[in-house]
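Survey of secondary and tertiary structure
In case you want the letters, here they are:
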Amino acid sequence: MSLAELICPAGTPAALRTAVDAGADAVYCGFQDATNARNFPGLNFTPDELAASVAYAHAKGAKVLLALNTYPPAGKVDLWRQAADTGARLGVDAFIVADMGVADYIARTHPAVRLHLSVQAAASSPEAIRYYCENFGVRRVVLPRILTIPEIRQIRAEIPCEIETFIFGNHGLMVEGRCSLTNYLTGQSTNMDGVCSPASDVDYARHADGSMSSQLAGFTIDCFGPDEKAGYPTICKGRYTAPHRPEGYYAFEEPVSLNLSRLLPELIDAGVHAFKIEGRQRSKSYVRGVVRAFRKAVDDIRAGREANMADLVALTEGQKQTQGAFETKKWR
Amino acid sequence: MTTDTSTPPAPPRVPPRAPRAPRPGPGALSRLACLAVQPILSRTVRRIAARHPSLFARLGPHQTTDFLIDPVELPFALHLRPDPEALIFRAVPRDAAPRAGAVIRGRFMLLLELVDSEEDGDAAFFSRDLEVSGDTEAVVRLRNALDDVDGSIAEETAAMFGRPGRAILARLRRAYLNDSE
């Protein structure tokens, strides 16, 4: 049986402590800049905060993984190199990277620190994963959310590194790390600036009938009825009209969250080494509730008991959940 | 794929200051309530600022933004300007509320539980129990700043008023939980 480590999100030092106390085996986090894909206002860590957080986590037996999972624009790689140097100096347990240049720098400069390949690299074939392992010493790959469990099992048999899969949270657009929708409307890049739907470009408007529309950079991307659940203001989850769908429809994705709580035993059996919970932008309340629930579930499975998961649907986007491609390729 | 970036035409906007469920809020009653709670608010905000100075850094440029926090069932709204040099936290009648950079609207206990991270703001937004308008970045910064505070601001505030304060908070929480079930 794999170790089934629980990898948990933290957007602030308080959230990191909450995750550790709730039973995280490792917590992932980022600096307050474009080096990570949750570069949101008021979120993330200063170097001093990260130092204190690493000490807190290590004292309680948990690891800290530093997300450097964006792509440096040409000629601006220094910010990523400095972030890696700072992370190594502060004793993080692994870097989560997407860009080959960043991976190469860390492999050469900080070879003692583990490299994990971010989902943002969108490496979904044994050949692609082996390339990162052979050239940069990647020790773990975070798989894109497009694979079935039989496919994961097959990949596991053909690669020399550990596998981490998302089990809960935002269900993002395929192909991850290649999305340019936000860039198209706002001029800021999800992949290089770390901002998907920057809050400064988001506007919500309530209407006389109780409905609410969400806009990004002046473009209306959805309008929720008075009693309808809402989703994030991201273009990929927007509802649009088209000549063949004048009533409006979800052209790319629906506002729905991933929840693989029922598939944990199968994922473990397929050789998944670590389970990732999405949500560095979420509150301590979310971190506490989700981490506790999955901690108990994983411990139950390890002990040979049936996992009896708490209901997490209230924390899901649009209050809807899916097992996505993990269950079937026909999910969408 | 043939898509455009428009949704079906939306109904006309409502000005952001209009509450979803306006309280009767007769002027005199609202002003009296504001006067009654103001000493508590002033004391509370000074204490929070003194005990949690780090939260101001996460606010960044929005330390000088005017937030209107609108507990829909109370007879007044709350005006917050989290400027460490000139803190403002005051109760205001809705008909005299300042023009706010950002408005946050919901039931009082939901807002209190969000401040304490006992509830998740995104989940409250998804369920439409929480409504925001105006400068979304300001709201996100305020949320993240408060979320990095350890401990309970509500309980700290209640403790300032001794046993009666703690009893009132416990009673409010029980009522909120019962309503939520």
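Cut-offs applied
Residues numbered from 1 in each chain as written. Chains lettered and ligands numbered in written order. Predicted model: local features only at pLDDT ≥ 70, side-chain atom pairs only at ≥ 80, totals over all residues. Heavy atoms only, no water. Contact = heavy atoms within 4.5 Å. Buried area = accessible area lost by both parts, 1.4 Å probe. Salt bridge = Lys/Arg side-chain N within 4 Å of Asp/Glu carboxyl O. Polar contact = N/O pair within 3.5 Å; in protein donor to acceptor, adjacent residues only side chain to side chain. Buried < 20%, exposed > 50% of the residue type's maximum accessible area, 1.4 Å probe, protein only. Helix = DSSP H or I, 4+ residues; strand = E, 2+ residues; numbered from the N terminus. Pairing = 2+ DSSP bridges. Expected span 1.5 Å × (residues − 1). Arc of directions from axis to C-beta. Core = buried A, V, L, I, M, F, W, Y, C linked by side-chain atoms within 4.5 Å. Phe/Tyr/Trp six-rings, centres within 6.5 Å; stacked < 30°, edge-to-face > 60°. Axes fitted to C-alpha atoms, helices over the stretch in contact; angles between N-to-C directions. Domains from an automatic or database assignment. Parallel < 35°, antiparallel > 145°, perpendicular 65-115°, else oblique. Nonpolar A, V, L, I, M, F, W, Y, C, P; charged D, E, K, R; others polar.

1. Comments concerning the interface of chain B and chain A
- Taken together, the 44 residues of chain B in the interface contact 61 residues of chain A.
- In total, about 4,100 Å² of surface goes out of reach between chain B and chain A, with carbon and sulfur atoms giving 50% of it.
- The tally of links between chain B and chain A comes to 5 salt bridges.
- The interface formed by chain B and chain A contains 21 residue pairs in polar contact (both at pLDDT 80 or more).

2. A few points about the pairing of strand β4 (residues 102-106) of chain B
Residues and elements named next belong to chain B.
- Counting buried residues along β4, 5 of its 5 residues qualify, which places the element largely inside the surrounding structure.
- Relative to β4, strand β1 (residues 67-71) runs parallel, the two being bridged by 5 bridges. Residue Leu-68 lies in a different strand from β4, and its bridge partner there is Val-103.
- Where β4 lies against strand β5 (residues 131-134), 4 bridges are found, and the strand directions are antiparallel. Bridge pairing in β5 places Ala-102 opposite Gly-134.

3. Structural notes on helix α2 (residues 47-59) of chain A
All names here are of chain A.
- End to end, α2 covers 18 Å across 13 residues, agreeing with the expected 18 Å (1.5 Å per residue, within 8%).
- Those residues of α2 not exposed but buried are Leu-50, Ser-53, Val-54 and Ala-57. Axial view of α2: buried residues confined to an arc of 105°, hence all on one face. Of the exposed residues in α2, those oriented more than 90 degrees away from the buried face are Asp-48, Ala-52 and Ala-59.
- Of the surrounding elements, those touching the buried residues of α2 are α1 (13-22), β2 (26-29), β3 (63-68) and α3 (78-90).

4. Thoughts on the nonpolar core
- Within the largest apolar cluster, 83 residues are counted, with the highest numbers of intra-cluster contacts made by A:Leu50, A:Phe95, A:Ile167, A:Leu267, A:Phe275 and A:Phe294.
- Broken down by element, this core gets its largest block of residues, 9 residues, from helix α9 (residues 284-302) of chain A.
- Residues contacting A:Ile167, with those up to four places away along its chain left out, are A:Leu6, A:Leu258, A:Asn259, A:Leu260, A:Leu264, A:Leu267, A:Phe275, A:Lys276, A:Ile277 and A:Phe294.
- A:Tyr240, B:Leu55, B:Leu59 and B:Phe126 belong to the second largest nonpolar core, which has 49 residues in total.

5. Some points on the packing of aromatic side chains
- Applying the stated rule across the entire model yields 9 aromatic pairs over all chains.
- For the ring pair A:Tyr204 and B:Phe125, a centre distance of 4.9 Å and an interplane angle of 55° mean the geometry is tilted. With one member in each of two chains, A:Tyr204 in strand β8 (residues 202-206) and B:Phe125 in helix α4 (residues 121-126) form a pair that bridges those chains.
- Among the residues examined, A:Tyr204 registers a relative accessible area of 9% and is labelled buried.
- Taking the relative accessible area as the measure of exposure, B:Phe125 reaches 9% and is therefore buried.
- Their ring planes at 85° and their centres at 5.0 Å tell us that A:Tyr232 and B:Phe126 sit as a pair that is edge-to-face. Taken together, the positions of A:Tyr232 in the loop between β10 (219-224) and β11 (239-242) and B:Phe126 in helix α4 put the pair across two chains.

6. A few points about the environment of A:Ala19
All names here are of chain A.
- Inspection of the secondary structure assignment puts Ala-19 in helix α1.
- With relative accessibility at 0%, the residue Ala-19 sits in the buried group.
- Taking C-alpha positions, Ala-19 is 33 Å from Phe-224, a pair spaced 205 residues apart along the chain.
- Beyond its immediate stretch of four places on either side in the chain, Ala-19 contacts Cys-8, Pro-9, Ala-24, Val-27, Val-287 and Val-291.

7. Observations regarding the sheet that holds strand β2 (residues 77-81) of chain B
Residues and elements named next belong to chain B.
- Taken in spatial order, the 5 strands make up an open sheet running β3-β2-β1-β4-β5, and their pairing is mixed. In this open sheet, the two strands that pair with only one neighbour each are β3 (88-92) and β5. Neighbour to neighbour, the strand axes of the sheet diverge by 20° on average, direction disregarded.
- With 5 bridges joining them, β2 and β3 adopt antiparallel strand pairing. Residue pairing in the sheet places Arg-81 in a bridge with Ile-88 of β3.
- This element, helix α1 (residues 27-51), spans β2 and β3 of the sheet and lies at about 165° to β3.
- Its contacts with the sheet place helix α5 (residues 136-147) against β1, β2, β4 and β5, and it is angled at close to 60° to β4.

8. Considerations on unusual backbone geometry
Residue and element names in this part refer to chain A.
- Phi is positive for Ala-122, close to 55°, though the residue is something other than glycine.
- By the secondary structure assignment, Ala-122 is in the loop between β5 (114-117) and α5 (126-136).
- At Gln-319, a residue that is not glycine, the phi angle is positive and equals roughly 50°.
- Relative to the elements of secondary structure, Gln-319 occurs in the loop between α9 and β15 (321-322).

9. A look at the domain arrangement of chain A
Residue and element names in this part refer to chain A.
- Parsing chain A into structural domains produces domain 1 (5-171 + 256-331) and domain 2 (182-250).
- Taking only C-alpha atoms into account, the centre of domain 1 sits 27 Å from that of domain 2.
- Taken together, the 20 residues of domain 1 in the interface contact 13 residues of domain 2.
- Summing both sides of the interface, domain 1 and domain 2 together bury roughly 1,200 Å²; the carbon and sulfur share of this comes to 50%.
- In terms of surface lost to domain 2, no three residues of domain 1 exceed Tyr-71, Glu-317 and Gly-318, which account for 32% of the buried area on that side.
- Viewed at the interface, domain 2 and domain 1 are joined by 1 salt bridge.
- Notably, a salt bridge pairs Glu-317 with Lys-237, separated by 2.8 Å at the nearest N-O pair.
- Where domain 1 packs against domain 2, one counts 9 residue pairs in polar contact (both at pLDDT 80 or more).

10. With respect to the packing of α1(A) against α2(A)
Residue and element names in this part refer to chain A.
- Interhelical geometry of α1 versus α2 gives an angle of 10° and a closest axis separation of 10 Å. Considering the angle they form, α1 stands roughly parallel to α2. In this structure, α1 uses Pro-13, Leu-16, Arg-17, Val-20 and Asp-21 to contact α2, whose residues at the interface are Glu-49, Ser-53, Tyr-56 and Ala-57.
- The residue makeup of the contact of α1 with α2, split by class, is 5 nonpolar, 1 polar and 3 charged.

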